[in-house]
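Summary of the model geometry
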Amino acid sequence: MSVTITGFLTDSTVCIGCKACEVACKEWNGIREDGLNFSGNSYDNTGALGDSTWRHVKFIEGKPQPGLGGNAVEQLSWEFSSDVCKHCEVAGCLEACPTGAIVRTEFGGVFLQPDVCNGCGYCVIACPFGVVQRNEDDGRAFKCTFCYDRQKVGLKPACAQACPTESIKFGPLDRLQLDAEERVQELRARGMDDAQLYDPRDTSVGGIHAMFIVRGDPRQYNLPPKPEVPRTYLKAGWTSSAVAAGLLLFGSMLAFLGSGKQ
Amino acid sequence: MSTDALQYPTPDRDDAARERRLQEIRSQAETKGRVEAIGIRPAGAPFPSASPETGYYGLPLLKQPPWKWQIPIYFFTGGVAGSVSVIGAAARWIGQDQDLARDCRYVAAAGTALSSVLLISDLGRPARFLAMMRVVKLQSPMSVGAWTLAVFGTFSAAAAFAEMLRRHYRFLAIRFAGNVAELISALSGLPFSNYTGVLIGMSVIPVWNENVCTLPLHFGMSGLNAAVSILELLGHNNRALNTLGLGASAIETIEGIYVETERKPATQPLRRGPSGLITRLGGVLSGPIPLALRIAAAFAGRRRSRQLRRVAAASSAAGSFLTRIAWVHAGHVSAKDWGLPLQLDAAQEAGIPTRPTVGAEKPPEKAA
């Protein structure tokens, strides 16, 4: 049986900010609500991805910019982008997990097995995108499953299924990568010079399976320009550890050699 | 009552609190013409803005470490236990100080017992702690650490148990088993005393990650300093302990100077605010103070010297403990700094406000 590596391509230029993806995700996965709070940050009262938010629509309000606001020039620019776990090619959380609870599925997604996770919390500080979070009531860490259960039976992930504008595209990763390039070219040809694909392939993350088409600087979407996987620092860390161990060992030996018999 | 209500915590439905906040915002808007509260910028435009300079409304990208109070204490007890087992083995095989070696076995066993309890109780699912033993993952310091603790804990407990048995039964087998356990405990104590530095250094938290090259050494020496001090406070007067304490304090002093002089935006929490205060207090107590006291002790009379070394020991132990608290605290502060992962540190250093307004006010100018 051949299985294809699947991916998400989230196109912010056609997102209308309806949050159907957030709702569909919560419905399908049975995630609790995260409170009814008013943030004042545009229409985004959720803020960030977390243990109870696996899809999160960002509302980016900026300076007035022709073509990005409403039909009046003085309107603020307003963009929406549905954020999700990036399902990194080289995943920091997966590498950090000491229990093997976080695995790579046959669809290329990064899946956290809730029946194995013991809530050590190390994945939380290993994710350069701040996606994984420990649910303090439950004790375990949670994140987007890439709807592994739905994909298993040949269904689209719930968010992609619910998206009314096809802003969330789901399909074979290699095809989506081509689609993304094509779409960016098309947007640029239409005069949107700042349209770009966010897929940090030149970093230690090595590319993501949930890519984003954004306009302008990805940093205003809270997308880090240079995400790095902690394993990059493995050698540096253990070298220092070896130096400390050497100092401890030889220091102790020399100190007791020098002190003589008490 | 539905089962849902039992399973899930009640979300925030405190209408009074929200009304109060709205009232605050309204009155501030009336009196000042603009509102400083997070999320509200009515001056110029009714909406806050997202921009490359302000990130996403200044919301932090990274998550804070989910660990609770157990973890800084674990860093301390683990560092002490690991170092003590190495000192104990050296005391027995090289120093011929059997009393010290015996106490080292007990301290290491007590430290490892405490460490295990602390580590397991901090898990979100403590009953599943054995899941750590499902796999060996060399690329995960948490996995390596869990295995090191398992080996170290087993053999330091065995060594202490053999020591206890030996007082009643003089069998060669018990002595042999105890010595073998002691050696394995010392060998695994070497990484166990400092791996926590690798653990937090190999993370995305900027202040920890920035110091990944020095943190293990720092934590290792801090642990050694505290280990020596605790043994001295238990009444041991071996000159080797003083020598080790002198060396550890000297390295801690150098580390303190490094932390103070390495002025990168990511390392700010080590110098500013409450976390900076604790870092400095811990640094002074474990570096220069015991170093000066131990040097002074070398030139003092016998009784005076012993007093000075005791004060140095108490200072080192307290400093080492504070150092662990400081680093964990700094990690939390660092995770909240939204500008660092977006590489907006330079903008922040230049004093650009967290959330400039759009519209009436000019957007902040970038530092030239």
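Residues numbered from 1 in each chain as written. Chains lettered and ligands numbered in written order. Predicted model: local features only at pLDDT ≥ 70, side-chain atom pairs only at ≥ 80, totals over all residues.

1. Considering the overall build of chain A
Within chain A, the regular secondary structure consists of six helices and 10 strands. Projected onto its principal axes, the C-alpha coordinates of chain A cover approximately 90 × 40 × 40 Å. A burial count over chain A gives 54% of its 262 residues as buried. (Helix = DSSP H or I, 4+ residues; strand = E, 2+ residues; numbered from the N terminus. Buried ≥ 20, exposed ≤ 12 C-beta atoms within 10 Å, placed from the backbone.)

2. Structural notes on the overall build of chain B
Along its length, chain B carries 14 helices and zero strands. Listing every helix and strand of chain B by position from the N terminus yields α-α-α-α-α-α-α-α-α-α-α-α-α-α. Per-residue burial over chain B gives 52% buried out of 368 residues. In chain B, 72% of the contacts between residues at least 6 apart in sequence involve partners at least 24 apart. (Contact = placed C-beta atoms within 7 Å.)

3. Here's the deal with the interface of chain A and chain B
Listed per partner, the contact involves 74 residues of chain A and 83 residues of chain B. Secondary structure elements with two or more residues in the side of chain A that touches chain B: β2 (55–64), α2 (92–96), β6 (133–134) and α6 (234–259) of chain A. The element contributing the most residues to the side of chain A that touches chain B is α6 of chain A, with 19 residues.

4. Points about α6 of chain A
Taking 1.5 Å of rise per residue, 26 residues should cover 38 Å, and α6 of chain A covers 37 Å from first to last C-alpha, within 8% of that figure. Among the residues of α6 of chain A, Gly-237, Trp-238, Ser-240, Ser-241, Ala-244, Ala-245, Leu-248, Gly-251, Ser-252, Ala-255, Phe-256 and Ser-259 of chain A are the ones counted as buried. (Expected span 1.5 Å × (residues − 1).)

5. Section: the sheet that holds strand β10 (residues 210–215) of chain A
Residues and elements named next belong to chain A. A sheet is described by the order of its strands in space; here four strands give the open sequence β8-β1-β10-β9, paired in mixed fashion. Both edges of this open sheet fall to β8 (168–172) and β9 (195–198), since each of them pairs with a single strand only. Adjacent strand axes in the sheet meet at a mean angle of 20 degrees when their direction is disregarded. One ladder, built from five bridges, connects strand β1 (residues 6–11) with β8; its direction is antiparallel. Residue pairing for β8: Thr-6 is matched across the bridge by Pro-172. With respect to the sheet, helix α5 (residues 173–189) is in contact with β1, β8, β9 and β10, its orientation differing from that of β8 by roughly 135 degrees. (Pairing = 2+ DSSP bridges. Axes fitted to C-alpha atoms, helices over the stretch in contact; angles between N-to-C directions.)

6. Comments concerning the nonpolar core
Cys-93 and Cys-123 of chain A are the most contacted members of the largest nonpolar core, which totals 163 residues. Take this core: its biggest share by element is 13 residues, from helix α13 (residues 302–336) of chain B. With sequence-adjacent residues up to four places away left out, Cys-93 of chain A is seen in contact with Ile-102, Val-110, Cys-123, Ala-126, Cys-127 and Val-132 of chain A. (Core = buried A, V, L, I, M, F, W, Y, C linked by C-beta atoms within 7 Å.)

7. Notes on unusual backbone geometry
All names here are of chain A. A positive phi angle, near 50 degrees, is found at Ser-42, a position not held by glycine. Mapping Ser-42 onto the fold places it in the loop between α1 (20–29) and β2. With 21 C-beta atoms counted inside 10 Å, the residue Ser-42 sits in the buried group. With a phi close to 55 degrees, Glu-166 is a non-glycine residue in the positive phi region.

8. Overview of the domain arrangement of chain B
Interface size is commonly expressed as the accessible area that is lost once the parts come together. Residue and element names in this part refer to chain B. Examined at the domain level, chain B breaks down into domain 1 (66–193) and domain 2 (206–336). Taking only C-alpha atoms into account, the centre of domain 1 sits 22 Å from that of domain 2. Between domain 1 and domain 2, the contact holds 17 residues from the first and 18 residues from the second. If you list the elements that add at least two residues to the side of domain 1 that touches domain 2, you get α3 (70–93) and α4 (98–122). Among the elements that take part in the side of domain 1 that touches domain 2, α3 stands out by supplying 11 residues, more than any other. (Domains from an automatic or database assignment.)

9. Some points on helix α6 (residues 172–192) of chain B
Between its terminal C-alpha atoms α6 of chain B stretches 29 Å, which fits the 30 Å expected from 21 residues at 1.5 Å a residue. Buried within α6 of chain B are the following residues: Gly-178, Ala-181, Glu-182, Ser-185, Ala-186, Ser-188, Gly-189, Leu-190, Pro-191 and Phe-192 of chain B.

10. Let's talk about the domain arrangement of chain A
For chain A, the assigned domains are domain 1 (6–228) and domain 2 (230–262). Distance from the C-alpha centre of domain 1 of chain A to the C-alpha centre of domain 2 of chain A: 44 Å.

11. Observations regarding the confidence of the model for chain B
Residues and elements named next belong to chain B. Counting all residues, the mean pLDDT for chain B is 85, and 85% of those residues have values of 70 or more. Counting contacts from residues 1–9, a segment whose pLDDT is below 50, to residues more than four positions away or on other chains yields two contacts. Interface confidence in the predicted complex, given as ipTM, is 0.92; pTM for the same model is 0.86. (pLDDT = per-residue confidence, 0-100.)

12. With respect to the environment of Pro-98 of chain A
Checked against the element boundaries, Pro-98 of chain A lands in the loop between α2 and β4 (102–104). In the structure, Pro-98 of chain A is positioned 20 residues away from Asn-118 of chain A in sequence and 9.4 Å away in space, judged by C-alpha atoms.

13. Some details on the packing of helix α10 (residues 239–261) of chain B against helix α12 (residues 288–298) of chain B
Packed helix pairs are characterised by how far apart their axes lie and by the angle those axes make with each other. Residue and element names in this part refer to chain B. Interaxial distance between α10 and α12 falls to 8 Å at its minimum, and their mutual angle equals 140 degrees. As summarised for this structure, α10 and α12 are arranged oblique, according to the angle between their axes. Two packed elements cross with a definite hand, and for α10 against α12 that hand is left-handed. Residues Asn-242, Gly-245, Leu-246, Ser-249, Ala-250 and Thr-253 of α10 touch α12, and the partners they reach there are Pro-288, Pro-290, Leu-291 and Arg-294. (Parallel < 35°, antiparallel > 145°, perpendicular 65-115°, else oblique. Left-handed = near helix turned anticlockwise from the far one by under 90°.)

14. Points about the environment of Ala-292 of chain B
Position of Ala-292 of chain B among the secondary structure elements: in helix α12. Its 15 C-beta neighbours within 10 Å are what place Ala-292 of chain B among the partly exposed residues.

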